[in-house]
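# Report on the structure
Chain by chain, the residues run as shown.
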Amino acid sequence: MDKQQILVKKSLKEISDKVDQSYDNFILENVNDHCLRMAVMQGEYRWHYHKNTDELFIVLEGELKIEIKDSDTVFLKPGEFIKIPANTIHKTSVASRTVNLCFERNAEDTVFVD
């Protein structure tokens, strides 16, 4: 395989600046059996959990609120991160446009809790 196809530099800021929806969550890159996702959001996401994977949230822009069932609410600002263990029921929300990265196992199902 040609190294030019493998080694591609990307800009998180350029990618996030192109998102014009109130919510978009997509894979930036696959890393072995995990992936790096970007979420650009305004508003909130439903209560949910993941059976077989931890999630590592890293905030790039804005402030991410993570409510954790039966635990404290966490607020992350740019440059801060937290690991949410597998099977932890949680919900994310933001007061204004926020960009965060999430590192998790690939092809993991999201289980919604209503």
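Going by an unreviewed UniProt entry, the chain carries the name Cupin domain-containing protein and comes from Hufsiella arboris.

This model, assessed by the stated rule, comprises 2 aromatic pairs. Relative to Tyr-45, the ring of Tyr-23 lies with its centre 5.4 Å away and its plane at 15 degrees, an arrangement referred to as stacked. Residue Tyr-23 is found in strand β1 (residues 23–31), and its partner Tyr-45 is found in the loop between β2 (34–44) and β3 (48–50); the two are separated by 22 residues along the sequence. On the basis of relative accessible area, Tyr-45 is assigned to the partly exposed category, the value being 23%. Among the aromatic residues, those joined into a ring-pair cluster are Tyr-23, Tyr-45 and Phe-112. Taking the ring centre of Phe-112 as reference, the NZ or CZ of Arg-46 above it sits at 3.9 Å.

This next bit is on the UniProt feature "domain: Cupin type-2" (unreviewed entry) in the chain. Following the UniProt record, the feature "domain: Cupin type-2" (unreviewed entry) maps to residues 43–96 here. When the span residues 43–96 is considered, its composition is 0% helix and 57% strand, and the gap between its end C-alpha atoms is 7 Å.

A few words on the environment of Ile-66. In this fold, Ile-66 is placed in strand β5 (residues 64–68). Accessibility expressed as a relative area gives 0% for Ile-66, which makes it buried. Once residues lying within four places of it in the same chain are set aside, the contact partners of Ile-66 are Phe-57, Asp-72, Thr-73, Val-74, Leu-76, Ile-82, Ile-84, His-90, Lys-91 and Thr-92.

So, on to the environment of His-48. Looking at the element boundaries, His-48 is found in strand β3. If we skip the residues at most four places from it in the chain, His-48 touches Glu-55, Thr-88, Ile-89, His-90, Thr-110, Val-111, Phe-112 and Val-113. A distance of 2.8 Å separates a polar atom in the side chain of His-48 from the backbone oxygen of Arg-46.

What counts and how
Residues numbered from 1 in each chain as written. Predicted model: local features only at pLDDT ≥ 70, side-chain atom pairs only at ≥ 80, totals over all residues. Heavy atoms only, no water. Phe/Tyr/Trp six-rings, centres within 6.5 Å; stacked < 30°, edge-to-face > 60°. Helix = DSSP H or I, 4+ residues; strand = E, 2+ residues; numbered from the N terminus. Buried < 20%, exposed > 50% of the residue type's maximum accessible area, 1.4 Å probe, protein only. Lys NZ or Arg CZ within 6 Å of the ring centre and 35° of its normal. UniProt positions renumbered as here; feature names shortened; annotations may be inferred. Contact = heavy atoms within 4.5 Å. Polar contact = N/O pair within 3.5 Å; in protein donor to acceptor, adjacent residues only side chain to side chain.

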